[in-house]
Amino acid sequence: MAKILIVGWGDIGTRLGLRLLEKGHTVVGLRRKPRDIVHPQIKPFVADISSSEDLKSLDTDFDQVFFMIAPDRRDEACYRAVYHLGLSHLFSHFSQEERPPHWIFISSTRVYGEMQGEWVDELTPVSPKDVTGQLLHQAENWVRENRSDNIIVRFSGIYGPDRRRLLSLTQERVPIQRDPPYYTNRIHQEDCAEVLAFLFEARLAGKPLEQCYLVSDDVPVPMFKIISWIARQMKVSEVIEKPRAENKLQNKRCRNDRLKSLGYQLKYPSYREGYLPLLSEMQKKKDITSLFDDVAPRYDANRFFSISARYLTELICVDQPERMLDVSCGTGNIALIAAEKYSQLQIEAIDLSPGMLGQAKKKADIQKLNNIRFIKKDAEDFDYKPENFDVITCGYGLFFFPQRVTTFKKIFGSLKFGGCFIFSSFSREAFTPYIDLFIKRIKHYGIEIPEPLTARLQTSEEIEGFCEESGMIKDVEIQSRAIRDEITLEDWWSLLNSAGCRGLLMQLDDESLQTFKTAHFAEISKLSKQGKLFLNADSLYGVVRK
C-alpha cells in the first residue's frame, strides 16, 4: 500500500482521500488550516508551503504527492507564492530521498491561450495570455522536469454542491453574452476526485500513462445556452442578453478523448446530469421555505418548541459567551432565551423563511431585546469566518439539510476553540402513536409518503455516526429529554398543519380533507382521555465541544 500526501487538502482532496483510504492506502492531508476539514483517518499536517520552516517536520518517504492547492486570489503574488516558492520548497524537501515521490499535479485549462472558440486538447501548444496562466504553465514544466513520469491534470471549470456560480448568475439575472457564443467547459467535483483516484490506481497497476490529461465533461456549451437551460429549470425570467460589442471573446472548447480512451467513464458527462440534482435540492428548499412561511403565524402554538429551546440553552457550556450563531432559528425561541439569559451576548439568528424570521423579530421587539440580528440566510451557503462564535445552536434543523455532513463541517469550522455546538432532533418515539395513525390513514388516499426529514438523527447511535462521518468530532455528549404536553384534538390538527405533514394534507381536496379529518379524529379519540391527548415530543440533544 502507498503512503500519499495531498497538498491542498480541501473538499476535492477529502473526497480523494476517502477513496484512497478505502483501498488501504495511508493518507496525509497538508493544509494551512486543516481543522475545519478533518477526517479521523486522514492525518493532518499544518503548513504553509511558502515557508520552508513549516515543512521541516514533514515526512519525506511518500510514494505519491497530489498537488492541488488553490491560490487565495487570482493575482501574481498569490500564484508566485504557491506555484513558484511553494513548489520550490516541496521539491527541496523531498530531494533528500534517493527517489522522490511521484507527483500528480492539478493544473487548469487557463494555461491555454485560445479565446475564439477553438478546440483544445493535450497536444494543443500552450500559450497562456496572462501572468497567472504563465506561472501555472511554468509550474507544470517544473513538475515534469522533477520526474519524467509525473502527471499533469488540467481541470476545466469545477462545479458541484459547493460550487454553484452558474446558479447564482441565473438567480441574480446577470446579463450573459449570446452572440458570438462564449463557451464554458465544466467538470463536476465528484468526477475530479474520481479521475485522480483512477489515474493513481492505473499507475499502480502498471498501465502506460501520458504526461498530461485534460479533464472536462463531454459537452462544451455556450454560456447563454446553459444559463437559459438553468433558468427554465428554475422557472425564472428569461436570461438578459448582454449588448453585443466588437471583439467579444468566445473562450475555448475542451476535448477529453485522451482520458476516456484510458477507460474513465464520467459520472456527470454533461451539465444536465450535474446540475439537475443541484436544482432539485434548490426546489426542495423553495418548497420547505414556502411551507414554513405559510405556517409561521401559528407555529408557536406548538408549545414543545419553546420547552425544548429552554432545555437546549441550559446545555450552553461556555462561561460568559460573547458571540452566538443560531442556525435554522425558526421563530427565534432559542435565540430569545439566550439573549435574555446573557445580556452581553451578541446573537446572529439565520433561517431561510422570511415568515418565520418575521415572527421572531416581533417577539424580540415585544421583549425589547436588541442583541439579536435575524438574517435570511441559507446555512448551506455558509460563509462565516473560522473561529467566529463561542456558541452555535441548531434546534431541529440539521435533518433538513440535503448536504448535512458538508454543512455541519462548515458550521463547526466557525466555532471558536473552547466553544460548543448544541443541536436537537426528535427521538424515534416522538409523536407516536398519533403520527402512525395519521400516516396509515392518509395512505388510503393514494398519497405517496416520502421518508420524513425528521426520521434522521433519531437515536444516539445515528447522531454518533453522523458526527463520525463528518470527521470533525471525536466525542459528542448526547442527552435525551422527555417532552410531554397535554393537547386537544384541535391542537393536534394544528400541529399537523404547521409542520412537515402539511405538505401531505395539501394534496387532498376540500371534501377529502374534511372526510380525512373526521376519520382521523375518530381514531385518535379512542386514545384520548376526556378529550385530551398526551403529546410525546421526546428529543435528543448533541453537545459538541471544540
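Located above this text is the structure these notes cover.
Asks: Quick rundown of the pattern of salt bridges? Include the residues and the values.
Replies: Enumeration over the complete set of coordinates arrives at 29 salt bridges. The salt bridge partner of Arg 15 is Glu 190, with a shortest N-O separation of 3.9 Å. Here Arg 15, found in helix H1 (residues 11-22), pairs with Glu 190, found in helix H5 (residues 189-204); they are 175 residues apart in sequence, far enough to count as distant. Arg 15 sits in the buried class, given a relative accessible area of 16%.

Asks: With reference to specific residues and values, describe the packing of helix H9 (residues 304-314) against helix H10 (residues 333-341).
Replies: Relative to each other, H9 and H10 sit at 50 degrees, their axes nearing to 8 Å. Here H9 is positioned oblique relative to H10, judged by the angle of their axes. In this structure, H9 crosses over H10, and the sense of that crossing is right-handed. Contacts between H9 and H10 involve Phe 305, Ser 306, Ala 309, Arg 310, Leu 312, Thr 313 and Glu 314 from the first element and Asn 333, Ile 334, Ile 337, Ala 338 and Lys 341 from the second. When its residues are assigned to classes, the contact of H9 with H10 shows 6 nonpolar, 3 polar and 3 charged.

Asks: Help me get a handle on the sheet that holds strand E3 (residues 43-46), residues and values and all.
Replies: Spatial strand order, E3-E2-E1-E4-E5-E7-E11: 7 strands in an open sheet with parallel pairing. Where the open sheet ends on each side, the last strands, each with one partner, are E3 and strand E11 (212-215). Across the sheet, the axes of successive neighbouring strands diverge by a mean angle of 20 degrees, strand direction being ignored. Where strand E1 (residues 3-7) meets strand E2 (residues 26-31), 5 bridges bridge the pair, whose relative direction is parallel. Bridge pairing in E2 places Ile 6 opposite Gly 29. Its contacts with the sheet put helix H3 (residues 131-146) on strand E5 (102-108), strand E7 (151-155) and E11, and the angle it makes with E5 is roughly 165 degrees.

Asks: Lay out the sheet that holds strand E14 (residues 323-327) with the relevant residues and their values.
Replies: The 7 strands are arranged E16-E15-E14-E17-E18-E22-E19 in an open sheet whose pairing can be described as mixed. Looking along the sheet, the strands with just one partner apiece sit at the ends: strand E16 (372-376) and strand E19 (477-481). Across the sheet, the axes of successive neighbouring strands diverge by a mean angle of 15 degrees, strand direction being ignored. Sheet topology note: the strand E15 (residues 346-351)/E16 ladder contains 5 bridges and is parallel. Following the sheet pairing, Glu 348 is matched in E16 by Arg 373. Here H9 sits on the sheet and contacts strand E17 (389-395), strand E18 (415-426), E19 and strand E22 (539-545); the angle it forms with E18, its principal contact strand, is near 150 degrees. Sheet strands in contact with helix H11 (residues 354-366) are E15 and E16, and its direction is about 165 degrees off that of E16.

Asks: Could you give an account of helix H8 (residues 271-295), with specific residues and numbers?
Replies: The end-to-end C-alpha distance of H8, which contains 25 residues, comes to 36 Å, matching closely the 36 Å that a straight helix rising 1.5 Å per residue would cover. All of the buried residues along H8 are Tyr 271, Gly 274, Tyr 275, Leu 278, Leu 279, Glu 281, Met 282, Lys 285, Thr 289, Leu 291, Phe 292 and Val 295.

Asks: Which residues make up the side chain of Arg 502, and what are the values?
Replies: Within the secondary structure layout, Arg 502 lies in helix H16 (residues 502-505). Within polar-contact distance, the side chain of Arg 502 engages the side chain of Asp 294 at 2.4 Å. Arg 502 has contacts with Leu 291, Asp 294, Val 295, Arg 298, Leu 496 and Asn 497, leaving out every residue within four places of it along the chain.

Asks: An account of the packing of aromatic side chains is requested, with residue identities and associated values reported.
Replies: Counting across every chain of the model gives 34 aromatic pairs. Among the aromatic side chains, those forming a connected cluster through ring pairs are Phe 292, Tyr 299, Phe 304, Phe 305, Tyr 396, Phe 399, Phe 400, Phe 426 and Phe 431. In this arrangement the basic side chain of Lys 546 is found over the ring face of Phe 417, its NZ or CZ atom lying 5.1 Å from the centre.

Quick notes on the rules
Residues numbered from 1 in each chain as written. Predicted model: local features only at pLDDT ≥ 70, side-chain atom pairs only at ≥ 80, totals over all residues. Heavy atoms only, no water. Salt bridge = Lys/Arg side-chain N within 4 Å of Asp/Glu carboxyl O. Helix = DSSP H or I, 4+ residues; strand = E, 2+ residues; numbered from the N terminus. Buried < 20%, exposed > 50% of the residue type's maximum accessible area, 1.4 Å probe, protein only. Axes fitted to C-alpha atoms, helices over the stretch in contact; angles between N-to-C directions. Parallel < 35°, antiparallel > 145°, perpendicular 65-115°, else oblique. Left-handed = near helix turned anticlockwise from the far one by under 90°. Contact = heavy atoms within 4.5 Å. Nonpolar A, V, L, I, M, F, W, Y, C, P; charged D, E, K, R; others polar. Pairing = 2+ DSSP bridges. Expected span 1.5 Å × (residues − 1). Polar contact = N/O pair within 3.5 Å; in protein donor to acceptor, adjacent residues only side chain to side chain. Phe/Tyr/Trp six-rings, centres within 6.5 Å; stacked < 30°, edge-to-face > 60°. Lys NZ or Arg CZ within 6 Å of the ring centre and 35° of its normal.

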